[in-house]
Amino acid sequence: MAPNSVAVTVEKSDNFSLLEINGSDPSSLPDNKRKSISPKQFSWFVLLKARRVVSCLSWLFSSVRKRIAFSSKHMNEEEDPKSRGKQMYRFIKACLVISIVALSIEIFAHYRKWNLDLMSRPSWEVRGLVEWSYMSWLSFRSDYIAPIVITLSKFCTVLFLIQSLDRLVLCLGCFWIKFKKIEPKLKDDEIDLEESSNFPMVLIQIPMCNEREVYEQSIGAASQLDWPKDRILIQVLDDSDDPNLQLLIKEEVSFWAEKGVNIIYRHRLIRTGYKAGNLKSAMTCDYVKDYEFVTIFDADFTPNPDFLKKTIPHFKGNPELGLVQARWSFVNKDENLLTRLQNINLCFHFEVEQQVNGVFLNFFGFNGTAGVWRIKALEESGGWLERTTVEDMDIAVRAHLNGWKFIYLNDVEVTCELPESYEAYKKQQHRWHSGPMQLFRLCLPSIIKSKISVGKKANLIFLFFLLRKLILPFYSFTLFCIILPLTMFIPEAELPLWIICYVPIFISLLNILPSPKSFPFLIPYLLFENTMSITKFNAMISGLFQLGSAYEWVVTKKTGRSSESDLLAFAEKEEKLHRRNSESGLELLSKIKEQEMNLAEQETAKKSIGGLMRSNSKTKKRNMVFKKELGLAFLLLTAAARSFLSAHGLHFYFLLFQGLSFLVVGLDLIGEQIN
C-alpha cells in the first residue's frame, strides 16, 4: 500500500469493504466526493439564501406596516369603535406571539438535533440548562396541553362531520327534486287576464337609504311591472339623509307618475329601526288596508315585467300560503374574483337550501327582497319588528310559528348586485351572521311554546339556527384557523389528512355543483371560505352575547351596474323622451329654458363644492387593512414554517396557501377598492 494512502474499513459480519484513497491522485476519488463542496462554501451559500429570505420578509413587513399606518390614518370616522373586534384581535395576537416563540424554540432544537427522543433519555444524560428546559417543555406539553387540544379538536371534528352530513343530505334532496321534476304547481286556474277586476290589489315597496347609484333602475323596473295600473301601488320608501338625493328620487317618482304609474314618494322624519322601521312605518298608512299582497324590492333589484304574474297566482286557492320567494340572479357575478366566490355561495343557497326547505318543509328564511307576502300573514305574525338586524328572518320565523306556509320559485329570477369590495362584503356578512344569533336568543322561548309539531321545532332549533348559523362559523374558525396551526407545535394532537384536505374538498365540490362554471375556482373558494370564518365567527359571538357591533347596520355599497336588458330599456326610455319633447316647439323651448336654469344651479353648486372635490381628488381609491386577517395570516405562515421543519407535506401546503389567502384579504387585495 502506498505511504500516502489511507485504508478505510467498515466492519460488519455480512458486509466487508476496503476502500483505498490515494491522497496524491484526485482522480481516485469517487464522483460524489469530487463534486462535494467545502464547509466554507456551504456556509456562504446558506448565508446568501438566508439573506434573500430576510430581505423578502423585511420588505413584506415594511409594506404591511406602511399599509396599516395609512389605513389607521384614514380610518372611517363613522365606524363604531366597539365594532372593530378588539378582543378578537388581541386573542389572535396572543396566539401569534406564542407561535413565534414556539417556532424559535423548535428551530433552535432542530439545528441542535434535539427531538422527542429527549423525553426517553435519563435525566443524567441531559446536558445543560437549555436542553433540560426543552425536555421539561416537551413533558409539560405532552401531559397537560396536548390532551386539551386533542379534546377540542375531536369536538370540532364531530361538528364538522355533522355539518358535512347536513350538506350532503341537502344535495341529495336537490337531486331528488331534479330527478322527480318537483316544482310548485298552481292549485287553481290562473288569473283571468281579460278582466282587470280579477287581479288582486298589490302593494310594491322599495325601501332605500342613500342609494344614489341604483334608485333609477329599481324605480323604473317596478314601474314597468305588467299589472293593471288601478290594481297596484308603488311606495318608494326613502330614508336618505342627503337632501340632493331626496330631490333626485322625488323627480324620478314624478316622472313615472306623469306616465300614469300609481307611485308615491315617502320619507320619514324620524328614521329609526333601519329597514324594519321603514317598512313598519309604511304599513301604517290608511290605504294599505285596501291591498291584499305586498311585494318588497331592495333598491338594487330589477324585476322582470312578468314577475307578479308568475308569483301572485300561487296564492289563489291556497289560503295557508303566506310567502312566495323568488330567486336572485347577479348582474356582476363575473366582475372579479370576489363576486365569483360569492356567486358560488349564493347559488348553493338558492338552488339547494331554499328549494329543498321549500319543497319538503314549506319553510325557509325570507331573503328580505324579491318576495311577495300576504298582508294578512304579516299582520297576524306581528308585523315588522326592529329588534334585530335580520328583520326578514324574524318575520319568516314568526309566520312559520303561526302556521303559514312558504313557496320558493327557483325559475323566477330577479337581478341584483353583489358587493364588489371586500370591505362592503365583510360588513354585509357581519350583519347576516350576527342577526340570526340575536333572533335565536329572542325566539327560542316562542319556538318551544308554539303549537307546531316537534319535528318543525327540532328543525328550527337544531338545523336552522344551531347547525347552520352557529356551529358552521364556530368549527370553521376554531378548527382550521386556531387548532390546525397549534397542532404543528403539538405533534401529539396532529389532525389527519382527511379532516384538512379530503372532506373539505368534497364539501366544496358539493357547494359548487349548482354553479358548474365555477369549478376552476374550487381551491380559491375553499381557502376564501376559511378566510371568511373569522368575520362570521366574530359576528356570531357578537350577536349571541349582544356585543356592541351586533346592532350595527351598514348599507351595502352599490355600483349601479346594469344588465344588457336594463341598458336597452334605458335607451328606449331616452328615445321616447326625445320624441315627446320634439312634438312641440313650445315644449322644446321650455325644455331649453329649464336646462339653462339647471346649468346655472349646477355651476353654483360646483363653485361651492369645488374645494371639497379638490381636497378629495388625491384619495380616489384606497386599500383598507384588516388587522384580524393579517394576524391570522402570520399565525398560519408561522405554523407552515414549523410544518416545513417536520416535513408534514399536505399540512405544510394547506397552511402556506391558507396563510397567503389571509394575507391577500388582510391587505385588501381581493375585489374592487372602496372610493
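These numbers were taken from a predicted model, which means no experiment stands behind them.

## Thoughts on a positive patch on the surface
Turning to step 1, where the next piece is worked out: Together, Lys86, Arg90, Lys93 and Lys627 make up a positively charged patch on the protein surface.
Turning to step 2, where the next piece is worked out: Here the positive patch gets 3 residues from one element, more than from any other, and that element is helix H3 (residues 86–111).
Turning to step 3, where the next piece is worked out: Following the sequence through the fold, lysine 627 ends up in helix H18 (residues 627–645).
Turning to step 4, where the next piece is worked out: The class for lysine 627 is partly exposed, based on a relative accessible area of 35%.

## Describing the UniProt feature "transmembrane region" (unreviewed entry) in the chain
Turning to step 1, where the next piece is worked out: What UniProt calls "transmembrane region" (unreviewed entry) maps, in this numbering, to residues 91–111, 144–177, 460–489, 495–513 and 630–645.
Turning to step 2, where the next piece is worked out: Along residues 144–177 the backbone is 100% helical and 0% strand, and the end-to-end C-alpha distance reaches 51 Å.
Turning to step 3, where the next piece is worked out: Overall, residues 495–513 shows 84% helix and 0% strand. The separation of its end C-alpha atoms is 28 Å.

## Concerning the pairing of strand E6 (residues 293–296)
Turning to step 1, where the next piece is worked out: In E6, alternate side chains face the same way, and those of Phe293 and Thr295 on one face and Val294 and Ile296 on the other are all buried.
Turning to step 2, where the next piece is worked out: Bridge analysis of strand E3 (residues 202–208) against E6 gives 4 bridges, and the strand direction is parallel. Across the sheet, residue glutamine 205 finds its bridge partner in E6, namely isoleucine 296.
Turning to step 3, where the next piece is worked out: Inspection of the sheet shows E6 paired to strand E8 (residues 371–374) by 4 bridges, in the antiparallel sense. Each residue of the ladder has a partner; that of threonine 295, found in E8, is valine 372.

## Here's the deal with the pairing of E3
Turning to step 1, where the next piece is worked out: Across the 7 residues that make up E3, a large majority, 7, are buried.
Turning to step 2, where the next piece is worked out: Of the two faces of E3, the one carrying Val202, Ile204, Ile206 and Met208 and the one carrying Leu203, Gln205 and Pro207 are both buried.
Turning to step 3, where the next piece is worked out: By the bridge criterion, 7 bridges tie E3 to strand E4 (residues 232–238) in an arrangement that is parallel. Looking at E4, one finds that glutamine 205 is bridged to glutamine 235.
Turning to step 4, where the next piece is worked out: Remark: the E3/helix H5 (residues 215–223)/E4 crossover connection has right-handed handedness.

## Notes on the packing of helix H12 (residues 422–449) against helix H15 (residues 522–544)
Turning to step 1, where the next piece is worked out: Across the interface, H12 lies against H15 with an axial gap of 7 Å and an inter-helix angle of 40 degrees. For the element pair H12 / H15, the angle class is oblique. The way H12 lies across H15 gives a crossing that is right-handed. In contact with Tyr422, Tyr425, Lys426, Gln429, His430, His433, Ser434, Met437, Gln438 and Arg441 of H12, H15 contributes Phe528, Met532, Thr535, Lys536, Ala539, Met540, Ser542, Gly543 and Leu544.
Turning to step 2, where the next piece is worked out: Among the residues forming the contact of H12 with H15, the class breakdown is 8 nonpolar, 8 polar and 3 charged.

## As for the sheet that holds E6
Across a sheet, strands are paired by hydrogen bonds formed along the backbone, either parallel or antiparallel in direction.
Turning to step 1, where the next piece is worked out: One open sheet accounts for 7 strands, arranged E5-E4-E3-E6-E8-E7-E9; its pairing is mixed. Whereas interior strands pair on both sides, the edge strands pair on one side only; in this sheet they are strand E5 (263–267) and strand E9 (405–416). The sheet shows a mean angle of 20 degrees between the axes of neighbouring strands, direction not considered.
Turning to step 2, where the next piece is worked out: Each of E3, E4 and E5 is contacted by helix H6 (residues 243–258), which is oriented at about 160 degrees to E5, the strand it contacts most.

## What about the confidence of the model for the chain?
Turning to step 1, where the next piece is worked out: With 73% of its residues at a pLDDT of 70 or more, the chain has an overall mean of 81.
Turning to step 2, where the next piece is worked out: Low pLDDT (under 50) marks residues 116–120, which in the prediction has 9 contacts with non-local residues, meaning those over four places away or in another chain.

## Describing the pattern of salt bridges
Turning to step 1, where the next piece is worked out: A full pass over the atoms with the stated rule returns 17 salt bridges.
Turning to step 2, where the next piece is worked out: In this structure, arginine 340 and aspartate 334 form a salt bridge, with 3.5 Å as the shortest nitrogen-oxygen distance.
Turning to step 3, where the next piece is worked out: Among the ionic contacts, a cluster of salt bridges with common partners joins Lys178, Arg327 and Glu351.

## Here's the deal with the packing of helix H13 (residues 454–487) against H18
Each pair of packed helices gets described by two things: the angle between the helix axes and the distance between those axes.
Turning to step 1, where the next piece is worked out: Interaxial distance between H13 and H18 falls to 8 Å at its minimum, and their mutual angle equals 50 degrees. On the basis of the axis angle, H13 is oblique to H18. Together, Phe477, Phe480, Cys481, Ile482 and Pro485 of H13 and Leu632, Leu635, Leu636 and Ala639 of H18 make up the contact between the two elements.

## Remarks on the nonpolar core
Turning to step 1, where the next piece is worked out: Core analysis: the largest hydrophobic core is formed by 143 residues, its most contacted members being Ile204, Ile219 and Trp373.
Turning to step 2, where the next piece is worked out: For this core, the element with the most residues is H13, which contributes 15 residues.
Turning to step 3, where the next piece is worked out: Leave out the neighbours within four places in its chain, and isoleucine 219 touches Ile206, Met208, Val236, Ile249, Glu252, Val253, Trp256 and Ile263.
Turning to step 4, where the next piece is worked out: Grouped together as the second largest cluster of nonpolar side chains are 15 residues, Ile344, Phe521, Leu522 and Phe528 included.

## Some thoughts on H5
Turning to step 1, where the next piece is worked out: Most of H5 is tucked away, with 8 of its 9 residues classed as buried.
Turning to step 2, where the next piece is worked out: Residues of H5 that are buried sit in contact with E3, E4, H6 and E5.

## Considerations on H15
Turning to step 1, where the next piece is worked out: Taking 1.5 Å per residue, 23 residues should reach 33 Å; H15 reaches 32 Å between its end C-alpha atoms and fits that length.
Turning to step 2, where the next piece is worked out: The largest bend in H15 amounts to roughly 30 degrees and is located at serine 533.
Turning to step 3, where the next piece is worked out: Where H15 terminates, the next one or two residues include glutamine 546, which has phi positive at roughly 55 degrees.

## A few points about the side chain of serine 434
Turning to step 1, where the next piece is worked out: You can see serine 434 is positioned in helix H12.
Turning to step 2, where the next piece is worked out: Among the polar contacts made by the side chain of serine 434, one reaches the main-chain carbonyl oxygen of histidine 430 at a distance of 2.9 Å.

## Some details on a nonpolar patch on the surface
Turning to step 1, where the next piece is worked out: Residues Leu161, Trp498, Tyr502, Leu650, Tyr653, Phe657 and Leu660 make up a contiguous nonpolar surface patch of about 680 Å² in total accessible area.
Turning to step 2, where the next piece is worked out: Looking at the nonpolar patch, the elements with two or more residues in it are helix H14 (497–512) and helix H19 (650–666).
Turning to step 3, where the next piece is worked out: Looking at the nonpolar patch element by element, the count peaks at 4 residues for H19.
Turning to step 4, where the next piece is worked out: Along the chain, the position of tyrosine 502 falls in helix H14.

## Overview of the packing of aromatic side chains
Turning to step 1, where the next piece is worked out: Scanning all chains against the criterion turns up 27 aromatic pairs.
Turning to step 2, where the next piece is worked out: Consider the rings of phenylalanine 199 and tryptophan 227, whose centres lie 4.7 Å apart with planes at 90 degrees: the pair is edge-to-face. In this pair, phenylalanine 199 is assigned in the loop between helix H4 (129–180) and E3 and tryptophan 227 in the loop between H5 and E4, connecting sequence segments 28 residues apart.
Turning to step 3, where the next piece is worked out: Under the relative-accessibility criterion, phenylalanine 199 is labelled buried at 4%.
Turning to step 4, where the next piece is worked out: Between phenylalanine 350 and tyrosine 408, the ring centres sit 6.3 Å apart and the planes meet at 20 degrees, which makes this aromatic pair stacked. Of the two residues, phenylalanine 350 sits in helix H9 (residues 337–361) while tyrosine 408 sits in strand E9, which places them 58 residues apart along the sequence. Residues phenylalanine 350 and tyrosine 408 agree in their burial class; the two are buried.
Turning to step 5, where the next piece is worked out: Among the aromatic side chains, those forming a connected cluster through ring pairs are Phe301, Trp328, Phe350, Phe363, Phe364, Phe366, Trp373, Phe406, Tyr408, Phe440, Phe464 and Phe465.
Turning to step 6, where the next piece is worked out: In this arrangement the basic side chain of lysine 469 is found over the ring face of phenylalanine 464, its NZ or CZ atom lying 4.4 Å from the centre.

Criteria and thresholds
- All residue numbers refer to position in the chain's written sequence, counted from 1.
- Side-chain atom pairs in this predicted model are given and counted only at pLDDT of 80 or more, local residue features only at pLDDT of at least 70, and totals for whole chains, interfaces and linings cover all residues.
- By convention in this description, side-chain values take in all heavy atoms of the structure and omit both hydrogens and water.
- Note on patches: the residues involved have over 30% relative accessible area and no salt bridge, like charges join within 9 Å, and the nonpolar side chains Val, Leu, Ile, Met, Phe, Trp and Tyr join within 5 Å.
- Here the accessible surface of atoms and residues is derived via Shrake-Rupley with a 1.4 Å probe, and residues count as covered only by protein chains that are part of the display.
- Any carboxyl oxygen of Asp or Glu within 4 Å of a side-chain nitrogen of Lys or Arg constitutes a salt bridge here.
- Residues scored as charged are limited to Lys and Arg (positive) and Asp and Glu (negative), so that His and the chain ends carry no count.
- A charge is said to be at NZ when it belongs to Lys, at CZ for Arg, at CG for Asp and at CD for Glu.
- The helix count covers DSSP runs of H or I at least four residues long, the strand count covers runs of E at least two residues long, and both are numbered beginning at the N terminus.
- Exposed residues in this analysis have more than 50% of their type's maximum accessible area, buried residues have under 20%, and partly exposed residues fall in between, with area computed by a 1.4 Å probe over protein chains only.
- UniProt positions are given in the numbering used here, feature names are shortened, and annotations may be inferred rather than shown by experiment.
- The pairing criterion is simple: DSSP has to find at least two bridges between the two strands.
- Here is how to tell: hold the view so the strands point away, follow the path from the first strand over the helix to the second, and if it runs clockwise the crossover is right-handed.
- Angles run from 0 to 180 degrees between N-to-C directions of axes, and those axes are lines fitted to C-alpha atoms, restricted for helices to the stretch in contact.
- To sort the angles, those under 35 degrees are grouped as roughly parallel, those over 145 as roughly antiparallel, those from 65 to 115 as roughly perpendicular, and the leftovers as oblique.
- By definition, turning the near helix anticlockwise from the far helix through less than a right angle yields a left-handed crossing, and turning it clockwise yields a right-handed one.
- Two residues qualify as a contact provided that any one of their heavy atoms is within 4.5 Å of a heavy atom in the partner residue.
- Lys, Arg, Asp and Glu make up the charged group, whereas Ala, Val, Leu, Ile, Met, Phe, Trp, Tyr, Cys and Pro make up the nonpolar group; the residues left over, Gly among them, are polar.
- pLDDT gives the predictor's per-residue confidence on a scale running from 0 to 100.
- Nine residue types can take part in a nonpolar core, namely buried Ala, Val, Leu, Ile, Met, Phe, Trp, Tyr and Cys, and a core is a set of them joined through side-chain atoms within 4.5 Å.
- Every helix has an expected span of 1.5 Å times one less than the residues it contains.
- Take the seven residues that end at a residue and the seven that start at it, fit an axis to each, and the angle between those axes is the bend at that residue.
- N or O atoms within 3.5 Å of each other form a polar contact, as long as, within protein, one can give a hydrogen and the other can take it, and as long as residues adjacent in sequence are counted only when both atoms are side-chain atoms.
- We call Phe, Tyr and Trp rings a pair once their centres come within 6.5 Å, taking the six-membered ring for Trp, and we label the pair stacked below 30 degrees between planes, edge-to-face above 60, and tilted otherwise.
- Geometrically, a lysine NZ or arginine CZ counts as sitting over a ring once it is within 6 Å of the ring centre and also within 35 degrees of the ring normal.

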